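# Inside the fold
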Amino acid sequence: MKIKKQFLFIIAILVLVIGCKQASEVTPTKPVTLRNVYEDAFYIGTALNTFQIDETDSIMAGIVGREFSSITAENEMKSIQIHPARDTFNFEYPDKFVALGEKYNMFIHGHTLVWHSQLSPWIRNIKDSTEMAEALESHIKTIVSRYKGRVNSWDVVNEALNEDGSLRKSVFLEVMGEDYLALAFKWTSEIDPKADLYYNDYNMANPEKRQGAIRLVKNIMDKGIKVDGIGMQGHWHLNTPSLEEIEKSIVEYAALGVKVAITELDISVLPNPEDLVGAEITQNFQNSEAMNPYTKGMPDSIQVKLANRYTDIFKIFLKHKDKISRVTFWGVNDGQSWLNGFPVRGRTNHPLLFDRELKPKSAYDSIIALKQKQDKQSN
Ligand code: XIL
């Protein structure tokens, strides 16, 4: 009798243990990270520099792998890096970058095929339209073939517009005329028809530029050539652009039947030089104490402002999550941000979600809390 009781007791324990194990296999609790919390809304991405692609710092590497579901190479796929001379390609870092994205099961974005900045001198110096077309076609086709089926989307053309919505007088426009735009999309889709093809630019919430972007994309589509998405870079400030213009842009771009991505999000907390026109990377202004007020860290008041600004912007993104494919931050942490050197060199900016010690900031907590609150309400 005593033995039977003991036997039943052991069976009961076993049933309990197996039951618990199965339950935890069915509904694993995922850690609270940006990537997991936003999983059902859109990809959350970051830009990576060579140091991050190498995964030299294990804390940084951990953050990238846990927090983000998409990556963009900050510089390594730009023509001057990847194709510095007609017969020279540097694929070492682009290859590592793509392998890293695959390791973490990420959506991999290619940046950028046709851009007037960080442009290889051998392309910049071409004066003949046939030669330019051949150069662009072989540049695009070589790179896109190499990563076919692995790079999921491309910024095919970057920053082709002026602020008034007219076409920028880039070397491509001057030498080839407007045709370069449609041809770039055509050549890319010929090689990888499954990749999503984007037009990407800054100040895309400004009404005049918005109209220009809509015209540009429509013109390409009218030729029967596909454009899958519009990228709004999102190099924004604490007070500008207005939430209304951001929302209007998302809605109007999506009305073209394309996806909208926020491709390079960062919010500068520093004063802005008056003549600055957006993210034109050749602009540079004089540094001074007044232009660089937070060298010893960000005051609490600004920390709160930044968190509120990110929350307001993410409310719009979530409201339009059916239109938005991806929101990518232009970097992981403040120490790494290009905004420490642009548009004024040598400043201490605080535009991202992780600080210089790689600690998540209030902005990070607010964005997570916003989504969790919305999830609770909809359950
Ligand atoms: C920036 C990089 O972050 C910097 O490291 C580099 O020195 C200059 O370019 N728009 C773009 C990005 O499309 O490629 C730019 O990136 C920022 C503006």
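In this report, the structure presented in the accompanying data block is examined.

Conventions and cut-offs
- Residues numbered from 1 in each chain as written.
- Predicted model: local features only at pLDDT ≥ 70, side-chain atom pairs only at ≥ 80, totals over all residues.
- Heavy atoms only, no water.
- Helix = DSSP H or I, 4+ residues; strand = E, 2+ residues; numbered from the N terminus.
- Rg over C-alpha atoms; globule rule 2.2 N^0.38 Å.
- Buried < 20%, exposed > 50% of the residue type's maximum accessible area, 1.4 Å probe, protein only.
- Contact = heavy atoms within 4.5 Å.
- Areas by Shrake-Rupley, 256 points an atom, 1.4 Å probe, with all protein chains shown as cover.
- Lys, Arg positive; Asp, Glu negative; His and termini not counted.
- Charge placed at Lys NZ, Arg CZ, Asp CG, Glu CD.
- Near = heavy atom within 4 Å.
- Polar contact = N/O pair within 3.5 Å; in protein donor to acceptor, adjacent residues only side chain to side chain.
- Nonpolar A, V, L, I, M, F, W, Y, C, P; charged D, E, K, R; others polar.
- Pairing = 2+ DSSP bridges.
- Core = buried A, V, L, I, M, F, W, Y, C linked by side-chain atoms within 4.5 Å.
- Axes fitted to C-alpha atoms, helices over the stretch in contact; angles between N-to-C directions.
- Left-handed = near helix turned anticlockwise from the far one by under 90°.
- 1 Å grid on protein atoms, 1.4 Å probe; cavity = no way out; pocket = protein on both sides within 12 Å on 5 of 7 lines; lining within 4 Å.
- Points joined across faces, edges and corners; volume = space filled by probe spheres on them.

Time to look at the overall build of the protein. Across its full length, the protein holds 14 helices and nine strands. Against the globule reference of 21 Å for 379 residues, the protein gives a C-alpha radius of gyration of 24 Å, in line with a compact fold. When each of the 379 residues of the protein is scored for burial, the buried share is 54%. The long-range share in the protein, meaning contacts at least 24 apart out of those at least 6 apart in sequence, stands at 79%. Entry remark: accessible area of the protein is about 17,500 Å², with carbon and sulfur atoms responsible for 53%. Charge separation in the protein, taken as the distance between the mean sites of 45 positive and 49 negative side-chain charges, equals 8 Å.

Our next topic: the site of the ligand. Around the ligand lies a shell of 15 residues, among which Glu74, Lys78, His111, Glu264 and Trp330 are the nearest. One of the side-chain N or O atoms of Gln233 is found 3.3 Å from a nitrogen atom in the ligand. A distance of 2.8 Å is found between an oxygen atom of the ligand and a side-chain nitrogen or oxygen belonging to Glu264. Protein chains bury 84% of the 410 Å² of accessible surface belonging to the ligand in isolation. Residue composition of the shell around the ligand, grouped by class: five nonpolar, six polar and four charged.

Attention now goes to the pairing of strand E1 (residues 43-48). Most of E1 sits inside the fold, with five of its six residues counted as buried. Two elements, E1 and strand E9 (residues 324-329), share four bridges in a ladder whose sense is parallel. Note that in E9 the partner of Tyr43 across the bridge is Arg326. Bridge count for E1 against strand E2 (residues 70-73) is four bridges, and the pairing is parallel. Bridge pairing links Thr46 to Ile71 in E2.

Attention now goes to the nonpolar core. The biggest cluster of nonpolar side chains holds 107 residues, and the ones touching the most others in it are Tyr38, Trp154, Phe314 and Phe317. The element contributing the most residues to this core is helix H13 (residues 300-319), with nine residues. Those residues in contact with Phe317 that lie beyond four places of it in its chain are Phe42, Trp236, Ile246, Ile250, Ile262, Leu265, Ile324 and Val327. One finds Ala47, Ala279, Trp330 and Phe342 within the second-largest nonpolar core, a separate group that totals eight residues.

Okay, the packing of helix H8 (residues 129-146) against helix H10 (residues 179-191) next. H10 packs onto H8 with a crossing angle of 35° between their chain directions and a minimal axis gap of 9 Å. As H8 runs across H10, the sense of the crossing is right-handed. Counted together, Ala133, Leu136, Glu137, Ile140, Lys141, Val144 and Ser145 of H8 and Ala184, Trp187, Thr188, Glu190 and Ile191 of H10 form the full contact between these two elements. Considering only residue class, the contact of H8 with H10 consists of seven nonpolar, two polar and three charged.

To continue, consider the layout of surface pockets. Roughly 280 Å³ of internal volume is contained in the largest pocket. Contributing elements (two or more residues each) for the lining of the largest pocket: strand E7 (235-237) and strand E8 (259-268). A per-class count over the lining of the largest pocket returns ten nonpolar, nine polar and two charged.

Of all six residues in strand E5 (residues 196-201), six are buried, a share of seventy percent or more. Alternating residues of E5 divide into Asp196, Tyr198 and Asn200 and Leu197, Tyr199 and Asp201, and every residue in both groups is buried. Sheet analysis places strand E4 (residues 153-158) next to E5, joined by five bridges and oriented parallel. When the sheet's bridge partners are listed, Trp154 is paired in E5 with Leu197. Inspection of the sheet shows E5 paired to strand E6 (residues 229-232) by four bridges, in the parallel sense. Its bridge partner lying in E6, Tyr198 is registered against Gly229.

From the geometry alone we can't say anything about function, so treat these as descriptive.
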